[in-house]
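Fold and geometry: a report
What follows is each chain in one-letter form.
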Amino acid sequence: SNKVWLLILSASLMMGLASVYSKIAYDSLSFLTAFAVLRWFTFITAVIFVTLNKQWPKIFMSQKQPKESVAFKSALAVMIIGQVAGSLGVILNQYAIALGNVILITALSGAQFFFVIFLAYLLSKFYPRILQENIGRRLLAQKVIWSAVLFVGVALILI
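Here is what the cut-offs are and how they apply
Residues numbered from 1 in each chain as written. Predicted model: local features only at pLDDT ≥ 70, side-chain atom pairs only at ≥ 80, totals over all residues. Heavy atoms only, no water. Helix = DSSP H or I, 4+ residues; strand = E, 2+ residues; numbered from the N terminus. Buried < 20%, exposed > 50% of the residue type's maximum accessible area, 1.4 Å probe, protein only. Contact = heavy atoms within 4.5 Å. Areas by Shrake-Rupley, 256 points an atom, 1.4 Å probe, with all protein chains shown as cover. Expected span 1.5 Å × (residues − 1). Arc of directions from axis to C-beta. Core = buried A, V, L, I, M, F, W, Y, C linked by side-chain atoms within 4.5 Å. Polar contact = N/O pair within 3.5 Å; in protein donor to acceptor, adjacent residues only side chain to side chain. Patch = residues over 30% accessible without salt bridge, like charges linked within 9 Å, V, L, I, M, F, W, Y side chains within 5 Å. Salt bridge = Lys/Arg side-chain N within 4 Å of Asp/Glu carboxyl O. Phe/Tyr/Trp six-rings, centres within 6.5 Å; stacked < 30°, edge-to-face > 60°.

Summing up its helical and strand segments, the chain has seven helices and zero strands in all. Counted from the first residue to the last, the chain has its helices and strands arranged as α-α-α-α-α-α-α. By residue count, 14% of the 159 residues in the chain fall in the buried class. When contacts within the chain are restricted to residue pairs at least 6 apart in sequence, those whose partners lie at least 24 apart make up 56%. Surface accessibility of the chain: about 12600 Å² in total, with carbon and sulfur atoms responsible for 74%.

The structure is reproduced here in structure tokens:
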């Protein structure tokens, strides 16, 4: 729908602004100082958003199943692995922005789509209790083709 496209474009604009202003911060300050300040602002924004939307009970899963259950422990383990991977990805991406060309780094971040497709396919096929995605051969082929189109677009930017 139009609302989804508007949200996607708005998010892309905000992420682009964040990358450019991150590069400005890294050029002006040491990496650790700029990274700490940028992450604190991210944290503060998240706390404000969660508070204004009254989502704290959902975050602490006070409305869900008992914390002793196997499902809860599995979900918690998967979430922790995902957050560690995401945190490491953010650190590496921000360090790359600090060292290199922000346009190039952001464009190359499009390679993450290949990894998302690959990992989602593997998890859906071998661990469907963790992630259940409807990834048939036709849908997988479409995703790979569109990711390749995106990759070619990134390659054209680099020329």
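The first and last C-alpha atoms of helix H6 (residues 112–126) sit 21 Å apart over 15 residues, in line with the 21 Å expected at 1.5 Å per residue. Within the span of H6, buried status applies to Ile117, Ala120 and Ser124. One side of H6 carries all its buried residues, which in axial view fall inside an arc of 75°. In H6, those exposed residues whose orientation departs by more than 90 degrees from the buried face are Phe115 and Phe126.

If you look at the biggest cluster of nonpolar residues, it comprises eight residues: Ala25, Tyr26, Ala34, Phe35, Ile97, Ala98, Val102 and Ile105. Taken together, the elements giving at least two residues each to this core come down to helix H1 (2–28), helix H2 (31–52), helix H4 (70–99) and helix H5 (102–108). If we skip the residues at most four places from it in the chain, tyrosine 26 touches Phe31, Ala34, Phe35, Leu38, Gln94, Ile97 and Ala98.

With that settled, consider the side chain of lysine 23. Looking at the element boundaries, lysine 23 is found in helix H1. You can call lysine 23 buried: its relative accessible area is 14%. Among the polar contacts made by the side chain of lysine 23, one reaches the main-chain carbonyl oxygen of isoleucine 97 at a distance of 3.1 Å.

Moving on, we come to a nonpolar patch on the surface. A cluster of nonpolar side chains, namely Leu13, Met14, Leu17, Val20, Tyr21 and Ile24, defines an oily patch on the protein surface of about 590 Å² accessible area. With respect to the helices and strands, the residue leucine 13 is situated in helix H1.

The tally for this structure, following the rule as stated, stands at four aromatic pairs. Plain terms: the ring middles of phenylalanine 31 and phenylalanine 35 are 5.6 Å apart, the flat faces sit at 25° to each other, and that makes the pair stacked. Residue phenylalanine 31 and its partner phenylalanine 35 are both found in helix H2; the two are separated by four residues, about one turn of the helix. On the accessibility criterion, phenylalanine 35 (16% relative accessible area) is buried. Plain terms: the ring middles of tryptophan 40 and phenylalanine 43 are 5.6 Å apart, the flat faces sit at 90° to each other, and that makes the pair edge-to-face. With tryptophan 40 and phenylalanine 43 both in helix H2 and three residues apart, this pair spans about one turn of that helix. Joined through ring pairs, the aromatic side chains of Tyr26, Phe31, Phe35 and Tyr95 make up one cluster.

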